[in-house]
Amino acid sequence: MAKVTAALVKQLREMTDSPMMECKKALVEADGDIEKAVDVLRKMGVAKAVKRAGRDTNEGTVAAYVSEDGKQGALLELTCETDFVGTNPKFVGFAKDLAKVVAEENPADAEALKACKMGESTVADELTEMIHVIGENMKIARFQRITADNGALAAYIHLGGKLGDIVSFSFEKPETAQNDEFKTFAHDVAMQVAAAAPVAARREDVPAETIEHEKGIYMAQAAESGKPEAIQERIANGKLEKFYKEVVLTEQVFIKDSNTTISELAKKVGKAAGDTITINGFARFNFGE
């Protein structure tokens, strides 16, 4: 059995806001595995919040690029040494330029991106030059390309570059991309992704392991009620429905109007435009994750 240290108990307390003795019991039951201990606490019903621990302390920015026709885009995270440089317009602009290269060239990884042409040289050369000019080490931490062949993209950058996303929409009429109501809707949905942190655009896109994991927690919680198994199943399924409404973008309540969901809003905007608007997916980067 793994030794449950005071440091481990402290870490679990900071992650979950749970009482010290409950944390110790959970770690003993989980044989010192902190992730399993979090699940134990959730099953016991005492974890108030699961915070992210051990976050990356590097500074930097998340940049977004969307092509003029709205069909191609990319998110990119560029790191540096200090917050001062992380908010420097030259550094932020360079990150956006890198995101543009990602959108246009579709590199497989950071090394492939470095080999891409950028202006008269390569990304690797431009990155080296930027390091020399600014005087800090920099690193391309990650990137993701996203497209909308039969629609358009919308991007949103929040918290001074610490959070960014791009959402992909599809529709039938090309002119919908220029519809003012659609543009407002697309911006609002991108803002929703930043604020509400959905895990998927649609219910069918939620990873099977995530659903299985959540239902296991809800079944364990329901078992504590002592009610018959059939009722326990109904209780667990009810909680799973609530989970979907919290984490699936199209099922979330719109942050600007608690009386409507994102899917209802999409129908309303589509009807006004004489079109059918679908949210296909999104990419979301929280800096340092």
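Quick summary incoming for the structure in this document. Computed from a prediction, not measured in an experiment: that's the story for all the values here.

Quick look at the packing of helix H3 (residues 34-44) against helix H9 (residues 208-223)
Now for step 1: The N-to-C vectors of H3 and H9 enclose an angle of 40°; their axes lie 8 Å apart at closest approach. As summarised for this structure, H3 and H9 are arranged oblique, according to the angle between their axes. For the pair formed by H3 and H9, the contact residues are Asp39, Arg42 and Lys43 on the first element and His213, Glu214, Ile217, Tyr218, Ala220 and Gln221 on the second.

Comments concerning the nonpolar core
Now for step 1: Membership of the largest hydrophobic core comes to 26 residues, with the highest contact counts inside it found for Val167, Phe169, Phe182, Phe185, Val189 and Ile279.
Now for step 2: When neighbours within four sequence positions are excluded, Val189 is seen to be in contact with Val167, Phe169, Leu249, Ile262 and Ile279.

Some thoughts on helix H5 (residues 89-105)
Now for step 1: Along its 17 residues, H5 runs 24 Å from first to last C-alpha, staying within 8% of the 24 Å computed at 1.5 Å per residue.
Now for step 2: Looking only at H5, the buried set comprises Phe91, Phe94, Ala95, Leu98, Ala99, Val101, Val102 and Ala103.
Now for step 3: Between a side-chain oxygen at the N-terminus of H5 and the backbone nitrogen of Lys90 the separation is 2.7 Å; the capping residue is Asn88.
Now for step 4: Where H5 terminates, the next one or two residues include Asn106, which has phi positive at roughly 50°.

Concerning the sheet that holds strand E5 (residues 139-147)
Now for step 1: Strand order across the open sheet formed by three strands is E1-E2-E5, with antiparallel pairing between neighbours. Looking at the sheet topology across the chains shown, the edges are occupied by strand E1 (59-66) and E5. Pairs of neighbouring strands in the sheet enclose a mean axial angle of 10°, with direction left out of account.
Now for step 2: Taken together, the eight bridges between E1 and strand E2 (residues 72-80) define a ladder with antiparallel strand orientation. Each bridged residue has a counterpart across the sheet, and for Ala63 the counterpart in E2 is Leu76.

Topic: the pattern of salt bridges
Now for step 1: The tally for this structure, following the rule as stated, stands at eleven salt bridges.
Now for step 2: The salt bridge involving Glu59 is made with Lys162; its shortest N-O contact spans 3.4 Å. Here Glu59 is found in strand E1, whereas its partner Lys162 is found in the loop between strand E6 (151-158) and strand E7 (163-170), with 103 residues between them in sequence.
Now for step 3: For Lys162, a relative accessible area of 21% puts it in the partly exposed group.

Brief notes about the packing of H9 against helix H10 (residues 229-247)
Now for step 1: Across the interface, H9 lies against H10 with an axial gap of 8 Å and an inter-helix angle of 135°. Put simply, H9 runs oblique to H10. At the point where H9 passes H10, the crossing takes the right-handed sense. Every residue of H10 that contacts H9 at Thr210, Ile211, Glu214, Lys215, Tyr218, Met219, Gln221, Ala222 and Ala223 is listed here: Gln232, Glu233, Ile235, Ala236, Asn237, Lys239, Leu240, Phe243 and Tyr244.
Now for step 2: Its residues assigned to classes, the contact of H9 with H10 shows ten nonpolar, four polar and four charged.

With respect to H10
Now for step 1: The end-to-end C-alpha distance of H10 is 27 Å, a good match for the 27 Å that 19 residues give at a rise of 1.5 Å each.
Now for step 2: Among all positions of H10, only Gln232, Ala236, Leu240, Phe243, Tyr244 and Val247 are buried. Each buried residue of H10 lies within a common arc of 120° when the element is viewed along its axis, so the set occupies one face. Residues of H10 that are exposed and point over 90 degrees away from its buried face: Ala230, Arg234 and Lys242.

Let's talk about the packing of aromatic side chains
By convention here, two paired aromatic rings are described through the distance between centres and the angle between planes.
Now for step 1: Under the counting rule described, the total for this entry stands at five aromatic pairs.
Now for step 2: Note on Phe169 and Phe182: the rings are 5.5 Å apart at their centroids and 85° apart in plane angle, and the pair reads as edge-to-face. On the criterion of sequence distance, the pair formed by Phe169 in strand E7 and Phe182 in helix H8 (residues 180-196) is long-range, its members being 13 residues apart.
Now for step 3: These aromatic residues form a ring-pair network of at least three members: Phe169, Phe171, Phe182 and Phe185.
Now for step 4: The ring of Phe285 is capped by Arg142, whose NZ or CZ atom sits 4.0 Å from the centre of that ring.
Now for step 5: Over the face of the ring belonging to Phe287 we find Lys162, whose NZ or CZ atom lies 4.5 Å from the ring centre.

Thoughts on the sheet that holds strand E10 (residues 278-286)
Now for step 1: Spatially, three strands are ordered E6-E7-E10 in an open sheet, and the strand pairing comes out antiparallel. Each end of this open sheet is capped by a strand with a single partner; those strands are E6 and E10. Within the sheet, the average angular offset between the axes of one strand and its neighbour, ignoring direction, is 15°.
Now for step 2: In this sheet, E7 lies alongside E6 in antiparallel orientation, the contact comprising eight bridges. Bridging from a neighbouring strand, Ala152 pairs with Phe169 of E7.
Now for step 3: Set on the sheet, H8 makes contact with E6, E7 and E10; between it and E7 the angle comes to about 135°.

Rules used throughout
Residues numbered from 1 in each chain as written. Predicted model: local features only at pLDDT ≥ 70, side-chain atom pairs only at ≥ 80, totals over all residues. Heavy atoms only, no water. Axes fitted to C-alpha atoms, helices over the stretch in contact; angles between N-to-C directions. Helix = DSSP H or I, 4+ residues; strand = E, 2+ residues; numbered from the N terminus. Parallel < 35°, antiparallel > 145°, perpendicular 65-115°, else oblique. Contact = heavy atoms within 4.5 Å. Core = buried A, V, L, I, M, F, W, Y, C linked by side-chain atoms within 4.5 Å. Buried < 20%, exposed > 50% of the residue type's maximum accessible area, 1.4 Å probe, protein only. Expected span 1.5 Å × (residues − 1). Polar contact = N/O pair within 3.5 Å; in protein donor to acceptor, adjacent residues only side chain to side chain. Pairing = 2+ DSSP bridges. Salt bridge = Lys/Arg side-chain N within 4 Å of Asp/Glu carboxyl O. Left-handed = near helix turned anticlockwise from the far one by under 90°. Nonpolar A, V, L, I, M, F, W, Y, C, P; charged D, E, K, R; others polar. Arc of directions from axis to C-beta. Phe/Tyr/Trp six-rings, centres within 6.5 Å; stacked < 30°, edge-to-face > 60°. Lys NZ or Arg CZ within 6 Å of the ring centre and 35° of its normal.

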